[in-house]
Amino acid sequence: MSAITLDNIKAVLCAHEPQLSQNLTRLFAKLVERNQDPTFVQNYTGAIKITLRNEVTTRNPQHPPSFSTFGKACYAAGIVKTMLDVATSHLYAPSQAKERYIGQHNALEALNELIYTGNLTERRALTEDMKKNHVIKYCFSFLNHPLCIFRQLAISTLHALASQALLGENLPAAEAAEIIAAVCRFALEGPDFFVEGMRASTTTWQSQIVMGSHDVPAKKAAEHVPRFYAMSQETALWTAHGLLCMSPMPSRKYCLDILKKKPEILDLLFDCAIITRPPWYPETQVDYIACEVLALLFQWPPHIVPGVSTPQDSVFRAQEWKAMSQTVNILTSREDWCEKIIEVWMKVEEEDWREVHDWFGRVVVDYHAFQPPKDAFDKLFQYRGGSRIAMLRLISTVTHAAESCGITNAEIESLLRMAYLASRKVKSFDELDVNEPEDRYMCLERTKSIFCEPLISLNMEPDAHLQIAEESIIGPTALARLLAVLAQRKALDTIQGLKKAPQGLSSSTCLNHVHQITNPDVIRRFLTIALQRVRACTDEGRDRARKQDNAFAKEAFMSAAELAAALVALDSHTQGQYSKEVHGARKELAVALGNAAEMAIRHKHWQQALYFGSGAVSVAENIPASEQLDASVIAKNKRRVEQVRTATSGK
C-alpha cells in the first residue's frame, strides 16, 4: 500500500498479513508526528477503538478471549507506546479543535478495549507494558483534566487495569494506596464539574462522547451528565475493589502497608459509603461497593474462623494477626471511627425507599436515561443489605483486637444497638404476605450475603475472597462478640446499675437501649435464638453440600462455626451464667468446623482443611460429656487432619 490517508482507513486496517503489520507500523509512526492533522488522528484512533470493541461484543462467550490477528498485530507494532504518546501529546487549550482531544481520548480508549480482548497471559503483558509507559501517572494527571471526559477516561482505564488486567498482582502497596485514594476522591467530587462541561459553549461538544450522538442540546446534556458521572463513581470504587479482591488474596501485611501509606483512605471510604442516593441514578451501588472495600481491607485469611483456636495459632498470630491488629489499630485511631460505622448503618435505616421508587419512574424523562432493568429496584435492597452486613463484619472483627487497640467500653456500648437490631427475626420468603411489599423488600435486604470472587478469573480457580454471612448470622455474631468483650472486662454486670449515659456514648443510642440489650433476661433470649441460628446455618451447609455446592457449603459451615465460637466466648467470660442457654454450642462448633474441613478437602484447599480440622479436634477435647458429641464425629475429624497431612507431606 503506497499511502495511508483519511480516505482508505478500512483498507489500511482490514488488510491481511503481512500487509496489516506493515500498515500498522507505518500508521503508528504517522499518528505521533508532531504536526499531524487532528482529524487524521481522530479518525484512525476511533477506527482502531471500534474494531477492538467489536471483537469483544461479537465474540462467542463459549470461546475464551485471546488477541485476534488484528490485536496481535497492533500489540507487535507498538500500540501501547503509540496510543499513550497520542493521548498525552497536547495539553488542553480552548482554542484548539475538538478533533485533537477526541483523538487523544480514542487512543487511550483503544488500549482499554484491547485489554478486554486478551487472555490471561496477554493481559499481564499488556499491563506491564502500559505501566512501563507510565499509564498510572497519566491517569492521575487526567483526573485533573480541564475536560470531564478525560477524568472519566482515567477512571475507566484504572478500572480496566485493576479488574480485568491483574494490575494488583505486582503493584507496590504504596501505589495501590495512591490509586485507592484518588478514585475515592473522584467519587466524592460530585457531578458539578461534569455539568459545567456540558453547559459551557467551548466544551459542550463532549456530549457526543457522553451521550453517543452529535448535536445534543446543551440543556439536555447537562441534565443527563450527572447520571454519566454517577456510573463513573461506581467504576471508581470497583477499581479500588479490584486491587484488593485478587487471586491469590493480598496478604494482611499488604493491606496494612496500604493504610500505613495513606490512612485517610478509611475516611474517604466511609465518606463514599454515605454518599446520598441521587435521583438521576437511583440504582447506584457506590455506597455498597465502598463498604465491601472496607471489608476487604480488614478481611480474615481464608483459613481462619475468627474466635477459633487451633494448634497452628502461633504461626497465625506471629504473621497475619500481627498485621491485622495493626490495621485495626489504624482504624480505631481515626477520629470518630465508631460514629462513622454507625452513620453508614443509619443512612440505610433512614432512607425512604418509597421516594427512591418514584425516582426509578422518572429517570427516563428527567435525565434522558434508558429505562433501568425490571429487577433494578429489587437489587437496591440487596445493596443496602450488603452495606449493613459489611459494617457488622467490621464490628465483629474489631472486637477481636479490642484490648490491643484500646477500644473503650463506651465505643463497644455504642455499637450494641446496631448488632441487636441485626439479630431480629426476619420473615422468610415462605412467610411473606404478597400484599405487603415492604416485607419482601426487607427480606431481600436482610437475607443478603456476600460471596465475592475476583472479577477476572480467566484460567484461574479462585476461592471467594470475601465471605460475609447474611444478617441473621453476622448480626448475632457481632452482638455476642460485643457482649463477650464487655464480660471479659467485668463491665457487663455493672451496666444495669448505671444512672446516666457513659461519657462517649453515641448519640444514635441511649442508656435505655444499653440497659435493655445487656439485661440478663434479654441476653438469655438472644442466646437461645442465636444457638438455633447456628444449627440452621449448619443445616443449610449440609443442604448445599448434598447439591455439590461445596464453596457455598463451606461458607455456611464457617459462618455457623464463627457464631458458635462467639457464643462459647461469651459463656466463658460470664462464668457459666448463661451455660443453660449456650449448652450445645461447643458441639455445634466442632461439627461445623469438621464439615468446613471436609468442603476444603474436596477442593484441595489443604491449609484451610488443616486449620478447620485441627480446630474441630481441639474443640472436641474440651466439650462436656453432657453435650453428647458423637465419638464418630471426633474420629472423623481426626481422620480429616491425617488426610491433609498425608496429602501435603511431600510438598
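Summary of the structure given here. (Residues numbered from 1 in each chain as written. Predicted model: local features only at pLDDT ≥ 70, side-chain atom pairs only at ≥ 80, totals over all residues. Heavy atoms only, no water.)

In this section: the packing of helix α6 (residues 98–117) against helix α9 (residues 148–164). It is at 10 Å that the axes of α6 and α9 come closest, and there the two elements cross at 15°. The orientation of α6 with respect to α9, classified from their angle, is roughly parallel. Where α6 crosses over α9, the handedness of that crossing is left-handed. Contact with α6, carried on its side by Tyr101, Gln104, His105, Leu108, Glu109, Asn112, Ile115 and Tyr116, involves Ile149, Phe150, Leu153, Ser156, Thr157, His159, Ala160, Leu161 and Gln164 of α9 and no other residues of that element. Taken together, the residues of the contact of α6 with α9 break down into 9 nonpolar, 7 polar and 1 charged. (Axes fitted to C-alpha atoms, helices over the stretch in contact; angles between N-to-C directions. Helix = DSSP H or I, 4+ residues; strand = E, 2+ residues; numbered from the N terminus. Parallel < 35°, antiparallel > 145°, perpendicular 65-115°, else oblique. Left-handed = near helix turned anticlockwise from the far one by under 90°. Contact = heavy atoms within 4.5 Å. Nonpolar A, V, L, I, M, F, W, Y, C, P; charged D, E, K, R; others polar.)

Moving on to the packing of helix α14 (residues 252–261) against helix α18 (residues 320–333). Here α14 crosses α18 at 25°, and the two axes come no closer than 8 Å. The orientation of α14 with respect to α18, classified from their angle, is roughly parallel. Read as a crossing pair, α14 and α18 show a hand that is left-handed. Two secondary-structure elements touch here, α14 through Arg252, Lys253, Leu256, Leu259 and Lys260 and α18 through Glu320, Ala323, Met324, Gln326, Thr327 and Ile330.

Right, let's get into the packing of aromatic side chains. For the coordinates displayed, the defined rule picks out 19 aromatic pairs. Between Phe186 and Phe194, the ring centres sit 6.2 Å apart and the planes meet at 75°, which makes this aromatic pair edge-to-face. Neither Phe186 nor Phe194 differs from the other in exposure class; each is buried. The interplanar angle of 90° and the centroid separation of 5.2 Å between the aromatic rings of Phe377 and Phe381 together place this pair among those described as edge-to-face. Of this pair, Phe377 and Phe381 both sit in helix α22 (residues 376–399), 4 residues apart, roughly one helical turn. Owing to a relative accessible area of 8%, Phe377 belongs among the buried residues under this scheme. Given a relative accessible area of 2%, Phe381 falls into the buried group. (Phe/Tyr/Trp six-rings, centres within 6.5 Å; stacked < 30°, edge-to-face > 60°. Buried < 20%, exposed > 50% of the residue type's maximum accessible area, 1.4 Å probe, protein only.)

This paragraph deals with the side chain of Thr203. Note that Thr203 resides in the loop between α11 (192–199) and α12 (207–210). Classification of Thr203 by relative accessible area gives buried; the value is 8%. In terms of polar contacts, Thr203 uses its side chain to reach the backbone carbonyl oxygen of Gly197, at 2.8 Å. Ignoring any residue separated from it by four or fewer positions in sequence, one finds Thr203 in contact with Tyr92, Leu147, Glu196 and Gly197. (Polar contact = N/O pair within 3.5 Å; in protein donor to acceptor, adjacent residues only side chain to side chain.)

Let us look at the nonpolar core. Counting residues in hydrophobic clusters, the biggest one holds 210 residues, and the most contacted among them are Leu27, Ile48, Leu237, Met391 and Leu567. With 14 residues, helix α28 (residues 550–573) is the largest single contributor of residues to this core. The contact partners of Ile48, leaving out residues within four places of it in the chain, are Leu13, Leu27, Phe28, Phe70, Ile79, Met83 and Ala110. Core analysis: the next-biggest nonpolar cluster, separate from the first, contains 10 residues, Trp353, Trp359, Phe377 and Leu444 among them. (Core = buried A, V, L, I, M, F, W, Y, C linked by side-chain atoms within 4.5 Å.)

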